[in-house]
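Descriptive structure summary
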Amino acid sequence: MRSDNDKRDEADEEAEAEAALPIPANCDRLLRSLTDCHRHSGPGGRGREAQCRHLNRALAECVVSAFCGDEAEAVRSLCGSAGTSLKRSQCQRAQIRLSGCLSNSAHQRQSHR
């Protein structure tokens, strides 16, 4: 029998999936690995978070790159290290463009439901 916490976790995951961008086919392997990591690390909490962090990050980067590859690459190249004030402002603009791209992708998905 499932506990109330399990039911809430399941409902939270379903709500997040509704709002999230779909997982591109080239990210499927990472999604399966992350799901397996969650399954093997037990119930939620910091332990699971720490054990699965690298897979969570890799999946996020895969999804972001699939939807907004050019913008993600600009952020990686411009924001990867400290620099001049010009580089910092270019980094900030690149981050704003990436945010806008992700927002547009999510809005497009919502309007196609």
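Anything mentioned here points back to the structure above.
Fair warning: this is a prediction, and the values are worked out from it, not measured in the lab.

So, helix 2 (residues 28-40)
Its 13 residues give helix 2 an end-to-end C-alpha distance of 18 Å, which sits within 8% of 18 Å, the value for a rise of 1.5 Å per residue. For helix 2, the full list of buried residues reads L30, L34 and C37. Looking straight down helix 2, one finds that the buried residues subtend no more than 60° of arc, so they occupy a single side. Along helix 2, exposed side chains directed more than 90 degrees from the buried face belong to R29, R32, R39 and H40.

As for the state of the cysteines
Counted under the stated rule, the structure contains four disulfides. The disulfide partner of C27 is C62, and the gap between their sulfur atoms is 1.9 Å. Across the S-S bond of C27 and C62 the torsion is about -95°, and the bridge reads as left-handed. Remark: C62 occurs in helix 3 (residues 46-79) and C27 occurs in the loop between helix 1 (4-19) and helix 2; sequence separation between them is 35 residues. Here C27 matches C62 in class, with each residue buried. Linked covalently through their sulfurs, C37 and C52 form a disulfide whose S-S length is 2.1 Å. A torsion of -95° about the S-S bond marks the disulfide between C37 and C52 as left-handed. Placement of the pair is C37 in helix 2 and C52 in helix 3, with a sequence separation of 15 residues.

Re the pattern of salt bridges
Per the stated rule, a full pass over the model turns up three salt bridges. Residue R57 is joined to E61 by a salt bridge in which the shortest nitrogen-to-oxygen separation is 2.9 Å. Remark: E61 and R57 occur in helix 3; sequence separation between them is four residues, near one turn of the helix.

Calculation criteria
Residues numbered from 1 in each chain as written. Predicted model: local features only at pLDDT ≥ 70, side-chain atom pairs only at ≥ 80, totals over all residues. Heavy atoms only, no water. Helix = DSSP H or I, 4+ residues; strand = E, 2+ residues; numbered from the N terminus. Expected span 1.5 Å × (residues − 1). Buried < 20%, exposed > 50% of the residue type's maximum accessible area, 1.4 Å probe, protein only. Arc of directions from axis to C-beta. Disulfide = S-S within 2.5 Å. Salt bridge = Lys/Arg side-chain N within 4 Å of Asp/Glu carboxyl O.

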